[in-house]
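Listed below are the residues making up each chain.
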Amino acid sequence: MRFGVVVFPGTWSDRDCGHVVRDVLGADLVYLWHKDRDLRGADCVILPGGFSYGDYLRAGAIARFSPVMETVAEFAARGGLVWGICNGFQVLCEAGLLPGALVRNDCLEFRCEWTHLRCEREATPFTGCLGRGQVVRVPIAHGEGNYVADPATLDALERRGQVVFRYCDAAGTTTRVANPNGSHANIAGIVNERGNVLGMMPHPERCAEAELGGTDGLLLFRSVLEAAAGAVRA
Amino acid sequence: MSPIAVDERKLREVALTADEYLEIVERLDREPNEVELGMLGVLWSEHCSYKTSRPLLRRLPTEGPRVLQGPGENAGALDIGEGWAVVFKVESHNHPSAIEPYQGAATGVGGILRDVIAMGARPVALLDSLRFGPLPRSRRHFEGVVAGVGGYGNCMGIPTVGGEVYFEDCYAGNPLVNAMCVGLVRADRLQRARAGGAGNLLLLVGAQTGRDGIHGASFASLELDGAAEERRPAVQVGNPFLEKCLLEACMELAPRPGVVAIQDLGAAGLTSAVAESAARSGAGARLDVAAVPRRERGMTPYEVMLSESQERMLVVVEPGRQAELAEVFAKWDLEASVIGEVTDDGLLVVADGDDEVARLPVELLTDGAPVRLLEARPDPGPPELDLDRLGPAPADLGAVVLRLLGSPNLGSRRPVFRRYDHMVGDATVVPPGGDAAVLRVPGSRLGLALTIDGNGRYCRLDPFVGAQIAVAEAARNLAAVGARPLGVTDCLNFGNPERPEVYWQLQRAVDGIAVACRALGVPVVSGNVSLYNESELGGSIDPTPVIGMIGLLPDRDRRLAAGFAADGDAVLVVGKTCNEMGGSEYLKVVHGEVAGPAPALDLAAERAANELVLAAAADGLLRSAHDVAEGGLLAALAESCLLGGRGARCDALRTDQGGRLDAAFFGESQGRFVVSAAPAALTALRQLAGVHDVELTLLGRTGGDRVVFEGQVDVGLPELRKAWEEALL
């Protein structure tokens, strides 16, 4: 099982994702430079957090035009696993691989804190180790994580069960207070229709070891490891 | 000496005195031209030359077995074992932040990051020490600075893991923004910014050079007056994305053969970077301003040499190597231009194409500024406290602790640190909000503990004792997480030293730092001096030495947190509580008084208390530890309750004969910790306290959701939490 971690100029979660993949999960790791088109045999491509190209213009708006994203789009179209975390989620939305957009947090401030997420769908390659309704604790760190989409898109997302994570309280209730950024319907993560592309604002790679405050993030990495056995290879 | 016409107006522009000008003429044996005068002006500014503080700084201890690099380089470095060096430095960006809070703070962070990068180290953490005038009036400064620190650090992907924020009248027109950066590098890969031998090439890498920040260093060496707004162009604009690319490129460059040195361009721009890296090798340099990529047209050599445009690095490479290094710059889309070379004549020669525009001895630039011996006159400070005038202690002490924890100086800092990414890097083992942050060191069991502390009010009351307390508190914060203090970086924020009272404060504070650092065994390996912190609004600031300190845990699994960890644990206080209230937050908030004396400090007792906590932590005898600081014993205990999410029930606090109850609860006696321990550990803990000769007093037990001292205090935790969490909102 090999994870490919994409590095844009301005990406910074590449090292954290790489650390979890290689040192915690014990899987193969390749870094994929934004100027390259080769995914180097990755079973799952991670678009990590950061400020790709400085996020000037709009978060993720320039990264979508990089050469590597062409190949990532082809890979996704063939059913390959693509996982956007934080800035990676923003890039996936800008690239049209996921619907909707991420706009400025409604508090108008950057937020770095622990959140609770309720797993809404366990039948994805990213959440196989979770149960439906299971609450996990995962931190966020973003200024633009407020998920928005037009009503028809939101309706379709809900109907097709594409919402994978919602912000909630420790008991699993999706309250206004538990929503850190104003996202519509407390949405924290969604998949595409086919279910092979996940975008999420919280950072599972920051909670894969007990000494960092929690290990729930590892459940997502393990899920991918198990799912990849039967998945498409780059 | 022949009479020389001194153009006062021109000298004011470069912030030189007539005496200094005459010194230059004598040393050069001619008058300097305009470019030369500008270059000398910035390098002879207080900010660059430390001409006022240099004789005082020599009093600081700078050596120790772990010191790999002391003051004089871009940053200091300590050996932390297992092949690692920690590189760190603190720097002020006070004046730019006063005028343009967001960019002032952002570029302060950018500058201190480059200092650490220049040592070949990867930055792993930022800390910030911030001081503003009171809220709500100073909210613009407060919000802008916090946004600026976060805006730069978050974009760079460097976690901001610790810091402090205080509000006091004296900072209303002149806020203090001190940023500290900590980096890690394999000890054998530590870089030094020495230009090396003749023929080495000078590469300017990163941003193009513009007119921004000209005279920034000189501006930092003047008071803020009504004309300060006009100096807005002297504040630079940050581009953290470019700096992130610069960081990654430097990390790839540093270990390559052929790379001689990396030097940050900060205050005084090219002039300082070239002169200082040449000076460290006893070399000279020749450079051509025409080769410097510009972002504006029509810039003069004077402007190019003095520009403080951000996100630039000087990389010194062996001749013939630039082609093979070009791939690194190309990978990160960075512009890199050869702008000159190292020479062996000890001269800094600046050309503009075929024309020579400056020719100055390097030594005159970097070391030539005459030391200024200023007059010192003791400042009596505010009067001593008259206890009789104060009346009896308030009847409702619970209401007092509510008010204290709900005040801006004691409230929860979460509204600040949740705006900083403090987790990126997957290394933050103890996050902000406790006594000190702890980071893990890759591939080891080591924990690196970080803190930054100052107390302007104590220093106002007594700069000698106050500065010692700043050092002692930093060490105590480290001990509270179970870390042994290793070394210091200091930022000396003071008013105009030409006032004899201010110079006296500076002298006394430096002496205080020196004494405390010697007693606690922590050398000062880097630092920064920021003088002329005065404004029409707030007058001269309180003398505010800020201490950044690094500590080490051999095994980070033995780390301690500040919050009570389990119900039914014993709650104890380590150290002696004296009948004193001088300089306390209680006195200010409840009685509206700033009066002395500053708390008494016994450095031997400090050391003993720290050793006790360290030994108890290593033996696994403690469940939590928290420094007793502003707000005194009751505030510290309430914080441990809030952080641990459980209350505490204690016996009535007894005072010595004639002692005041408010002094016992809210006085700020030094050398104390609130700790908790499993009941089974009490005997061993008492024994250990006896061995270290430290007072250890059992207060009560953890549990419930109230903070209770029988018959004296009874406050609900939810009520406390609300006041504490909303204090800064």
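Numbering of residues begins from 1 in every chain and follows the order in which that chain's sequence is written. Chain letters start at A and ligand numbers start at 1, both assigned in the order the entries are written. Selection of residues for local features in this predicted model requires a pLDDT of at least 70, selection of side-chain atom pairs for listing and counting requires 80 or more, and totals for whole chains, interfaces and linings are taken over all residues.

## Comments concerning the overall build of chain A
Link 1 in the chain: Only runs of H or I of at least four residues qualify as helices and only runs of E of at least two qualify as strands under DSSP, and these elements are numbered from the N terminus. The helix and strand tally for chain A stands at five helices and 11 strands.
Link 2 in the chain: Every radius of gyration here is taken over C-alpha atoms, with the globule rule written as 2.2 Å times N^0.38, N being the number of residues. Relative to the globule expectation of 17 Å for 234 residues, the C-alpha radius of gyration of chain A, 16 Å, shows essentially globular dimensions.
Link 3 in the chain: Scored against the burial criterion, the 234 residues of chain A give a buried share of 55%.
Link 4 in the chain: For chain A, restricting intrachain contacts to residue pairs at least 6 apart in sequence, the fraction spanning at least 24 positions comes to 75%. Three classes are used. A residue is buried when 20 or more other C-beta atoms lie within 10 Å of its own, exposed when 12 or fewer do, and partly exposed in between, with C-beta atoms placed from the backbone. Our contact criterion uses C-beta atoms placed from the backbone: two residues qualify when those atoms are within 7 Å.

## Considering the confidence of the model for chain B
Link 1 in the chain: Per-residue confidence for chain B gives a mean pLDDT of 94, with 97% of residues at or over 70.
Link 2 in the chain: Listed scores for the predicted complex are pTM 0.96 and ipTM 0.97. Per residue, pLDDT measures the predictor's confidence, with a range of 0 to 100.

## Thoughts on the nonpolar core
Link 1 in the chain: Note on terminology: a nonpolar core is a set of buried residues of type Ala, Val, Leu, Ile, Met, Phe, Trp, Tyr or Cys, with members joined through C-beta atoms within 7 Å. By size, the foremost hydrophobic cluster in this structure holds 330 residues, and its most contacted members are Val86, Val401, Leu448, Ala449, Val471 and Val613 of chain B.
Link 2 in the chain: The element that contributes the greatest number of residues to this core is helix H19 (residues 463-480) of chain B, accounting for 12 residues.

## Concerning the environment of Leu531 of chain B
Link 1 in the chain: Inspection of the secondary structure puts Leu531 of chain B in the loop between strand E18 (524-530) and strand E19 (534-535).
Link 2 in the chain: The sequence separation of Leu531 of chain B and Val362 of chain B amounts to 169 residues, and the corresponding C-alpha distance is 25 Å.

## Here we look at the pairing of strand E22 (residues 570-574) of chain B
Residues and elements named next belong to chain B.
Link 1 in the chain: Summarising burial for E22: four of the five residues are buried, a large majority.
Link 2 in the chain: Strand pairing requires that DSSP identify at least two bridges connecting the strands. In the sheet, E22 pairs with strand E26 (residues 696-702) via five bridges, with the strands oriented antiparallel. Across the sheet, Val573 pairs through a bridge with Thr697, a residue of E26.

## As for the environment of Pro67 of chain A
Residue and element names in this part refer to chain A.
Link 1 in the chain: Within the element layout of this structure, Pro67 appears in helix H2 (residues 67-77).
Link 2 in the chain: As a C-alpha pair, Pro67 and Trp33 span 34 residues in sequence and 9.2 Å in three-dimensional space.
Link 3 in the chain: Among residues more than four places away in sequence, those in contact with Pro67 are His34, Lys35, Asp36 and Arg37.

## Some words on the packing of H19 of chain B against helix H20 (residues 500-520) of chain B
Residues and elements named next belong to chain B.
Link 1 in the chain: Angles run from 0 to 180 degrees between N-to-C directions of axes, and those axes are lines fitted to C-alpha atoms, restricted for helices to the stretch in contact. Put simply, H19 and H20 touch, their axes get as near as 7 Å, and they point 35° apart. Helix-helix and strand crossings are classified by hand; for H19 and H20 the assignment is right-handed. Packed against H19, whose contacting residues are Pro463, Phe464, Val465, Gly466, Ala467, Gln468, Val471, Ala472 and Ala475, the element H20 presents Gln505, Arg508, Ala509, Asp511, Gly512, Ile513, Val515, Ala516, Cys517 and Leu520 at the interface.
Link 2 in the chain: Among the residues making up the contact of H19 with H20, the classes are represented as 13 nonpolar, four polar and two charged. Left-handed is the label given to a crossing in which the near helix is rotated counterclockwise from the far helix by less than a right angle, and right-handed is the label when the rotation is clockwise. All amino acids are sorted into three groups, where Ala, Val, Leu, Ile, Met, Phe, Trp, Tyr, Cys and Pro are nonpolar, Asp, Glu, Lys and Arg are charged, and the leftover types, Gly among them, are polar.

## Digging into the interface of chain B and chain A
Link 1 in the chain: With 21 residues of chain B in contact, the opposing surface of chain A contributes 21 residues.
Link 2 in the chain: At the level of elements, helix H8 (139-156), helix H10 (240-253) and strand E14 (428-430) of chain B are the ones that each hand at least two residues to the side of chain B that touches chain A.
Link 3 in the chain: Split into classes, the residues belonging to the side of chain B that touches chain A amount to eight nonpolar, six polar and seven charged.

## A look at the sheet that holds strand E21 (residues 544-553) of chain B
All names here are of chain B.
Link 1 in the chain: Taking strand neighbours across the sheet as the criterion, the six strands line up as E14-E15-E16-E21-E17-E18 in an open arrangement whose pairing is mixed. On the outer flanks of this sheet lie E14 and E18, each paired with one strand and no other. Averaged over all pairs of adjacent strands, the angle between strand axes in this sheet comes to 25°, irrespective of strand direction.
Link 2 in the chain: With eight bridges connecting them, strand E16 (residues 447-454) and E21 associate as antiparallel partners. Among the inter-strand pairings, Gly447 is bridged to a residue of E21, identified as Leu553.

## A closer look at the sheet that holds strand E1 (residues 67-69) of chain B
Residue and element names in this part refer to chain B.
Link 1 in the chain: In space, the six strands of this open sheet follow the order E1-E2-E3-E6-E4-E5, with mixed pairing throughout. Single-partner strands in this sheet number two, and they are E1 and strand E5 (160-167). Mean inter-strand twist for the sheet, computed between neighbouring axes without regard to direction, equals 20°.
Link 2 in the chain: With respect to the sheet, helix H7 (residues 101-117) is in contact with strand E3 (84-92), strand E4 (122-132) and strand E6 (176-186), its orientation differing from that of E6 by roughly 25°.

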